[in-house]
Amino acid sequence: MQVHHSIKNFKTGKPTIVTIGTFDGVHIGHKELLKKLTSEAARLNLASVILTFFPHPRMVLQKESGIQLINTIDERIAIFSKTELDHLIIHPFTREFSNLSAETYVKTVLVDNLNVKKIIIGYDHRFGNNRSANIDDLKRFGSQFDFEVEELSAQELNDVAVSSTKIRRALGSGDLETANSYLGYPFMLNGTIVKGKGIGKTINYPTANLQINEDYKLIPKNGVYVVQSILEDTKTFGLMSIGTNPTVGGTTRTIETYFLDTDKDLYGKKLEIEMLTKIRNEELFDSIESLQQAIRNDEAFARKYIKTHVQ
């Protein structure tokens, strides 16, 4: 798969088949659409293309919305790279771009830049200035500029929309099993390990403090989770605590992981941590000893879960 960070950078010797969207989560519903896209590409001898935008349009047009996304843009790239997609185009979304008329968008972007011969899109797709054009307009442009439009059914679109909604709702409640079942892979957090206050070390549970730079990344509900990561080519499991550490007087939300059976120095390293299941909600304990006992119980839960649920 080739990644292009602007429509202007896109080059291919073949005409294309294109689908367009934000694809947040790249979940099982999206993957069915991807299968359709790539199988049609093979049948028609076209290059398969996803056209997506970053920042998310709502970040630009509705800045007050505070939108939270299941995936960062880099995570989306990594997930798409594992598919049979030929090209991923991530075009910068700006107010100027949003003001293109529907015909200008179709002619300059889809026809001139992408050399599109087929588009697979939902019946509710809107485009052009103020989202004024719909799929009937797209079909009319298809006749004018010689490309086919295949309309996704309401059921296919519903599968995609319901999956996204259920994933967000599940993450908000800490239900990793439901979120991961709809994603088709473990929900992930990517960031850099930075120095924290060192409190974990003082209670014999040293933690790696994960700093996530993308403020739009959705973070699951505060609590303690079983997680896994690759540390120096070795799959390593751990306990992740998301919250403010109220027992030791914390007030700032942090993401800290105590990795089992390792003492590697992780400061400054970039890590991807996959979340497997939730153990419990964040709690305020009446003493450090009570907190330590809770962590021992968490570790016992994690080791049993890893033994029985993880291949």
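First, a word on what this report is: a plain description of the structure on this page. (Residues numbered from 1 in each chain as written. Predicted model: local features only at pLDDT ≥ 70, side-chain atom pairs only at ≥ 80, totals over all residues. Heavy atoms only, no water.)

Per the secondary structure count, the protein includes ten helices and twelve strands. With the C-alpha coordinates aligned to their principal axes, the bounding extent of the protein is approximately 75 × 40 × 35 Å. Residues counted as buried form 49% of the 311 residues belonging to the protein. Contacts spanning at least 24 positions in sequence make up 74% of the contacts within the protein whose residues lie at least 6 apart. In the structure as shown, the protein presents an accessible area of about 15,500 Å², 48% of it carried by carbon and sulfur atoms. (Helix = DSSP H or I, 4+ residues; strand = E, 2+ residues; numbered from the N terminus. Buried < 20%, exposed > 50% of the residue type's maximum accessible area, 1.4 Å probe, protein only. Contact = heavy atoms within 4.5 Å. Areas by Shrake-Rupley, 256 points an atom, 1.4 Å probe, with all protein chains shown as cover.)

Turning next to the packing of aromatic side chains. Throughout the structure, instances matching the rule amount to nine aromatic pairs. When the ring of Phe23 is compared with that of Phe80, the centres are 5.8 Å apart and the planes differ by 75°; the resulting orientation is edge-to-face. On the criterion of sequence distance, the pair formed by Phe23 in the loop between strand E2 (16-20) and helix H1 (28-44) and Phe80 in helix H3 (residues 73-80) is long-range, its members being 57 residues apart. One exposure class covers both Phe23 and Phe80, and it is buried. Taken together, the ring pairs in this structure connect Phe53, Phe93, Phe97, Tyr105 and Phe127 into an aromatic cluster. (Phe/Tyr/Trp six-rings, centres within 6.5 Å; stacked < 30°, edge-to-face > 60°.)

Here we take up the sheet that holds E2. Backbone hydrogen bonds are what pair the strands of a sheet, in a parallel or an antiparallel way. A sheet is described by the order of its strands in space; here six strands give the open sequence E1-E4-E3-E2-E5-E6, paired in parallel fashion. Two strands lie at the open edges of the sheet, namely strand E1 (2-4) and strand E6 (148-152), each paired on one side alone. Going from strand to strand, the sheet's axes swing by 20° on average, the running direction of each strand aside. In this structure, E2 lies alongside strand E5 (residues 116-122), joined through three bridges in parallel fashion. Residue Val18 lies in a different strand from E5, and its bridge partner there is Ile119. In the packing of helix H6 (residues 135-145) onto the sheet, contacts are made with E5 and E6, and the angle to E6 comes to roughly 155°. (Pairing = 2+ DSSP bridges. Axes fitted to C-alpha atoms, helices over the stretch in contact; angles between N-to-C directions.)

Let's shift gears to the sheet that holds strand E10 (residues 234-243). Strand order in the closed barrel formed by six strands is E7-E8-E11-E10-E9-E12, with antiparallel pairing between adjacent strands. On average, each strand axis in the sheet is tilted by 45° relative to the strand beside it, whichever way the strands run. Of the strands in this sheet, strand E9 (223-231), E10, strand E11 (254-259) and strand E12 (270-281) are in contact with helix H10 (residues 288-309), which crosses E12 at around 105°.

What follows concerns the side chain of His27. Within the element layout of this structure, His27 appears in the loop between E2 and H1. Within the local environment of His27, its side chain forms a polar contact with the backbone oxygen of Val160, the two atoms lying 3.2 Å apart. When sequence neighbours within four positions are dropped, the list of residues in contact with His27 reads Val160, Ser163, Ser164, Ile167, Tyr182 and Leu183. (Polar contact = N/O pair within 3.5 Å; in protein donor to acceptor, adjacent residues only side chain to side chain.)

Turning our eyes to something else, we now look at the pairing of E6. Side chains on a regular strand alternate between the two faces of the sheet. Bridging between E5 and E6 involves five bridges; their strand directions are parallel. Directly across from Gly122, in E6, lies its bridge partner Leu152. Running through H6, the crossover from E5 to the neighbouring parallel element E6 is right-handed. (Right-handed = clockwise from strand over helix to strand, strands pointing away.)

Of the volumes computed, that of the largest pocket is approximately 1,400 Å³. Around the largest pocket, the lining comprises 42 residues; the ones closest to its centre are Gly21, Thr22, His125, Arg126 and Arg131. Broken down by secondary-structure element, the contributors of at least two residues to the lining of the largest pocket are E2, H1, helix H2 (57-61), helix H4 (95-98), E5 and helix H7 (154-173). Considering every element that reaches the lining of the largest pocket, the biggest residue donor is H7, with seven residues. (1 Å grid on protein atoms, 1.4 Å probe; cavity = no way out; pocket = protein on both sides within 12 Å on 5 of 7 lines; lining within 4 Å. Points joined across faces, edges and corners; volume = space filled by probe spheres on them.)

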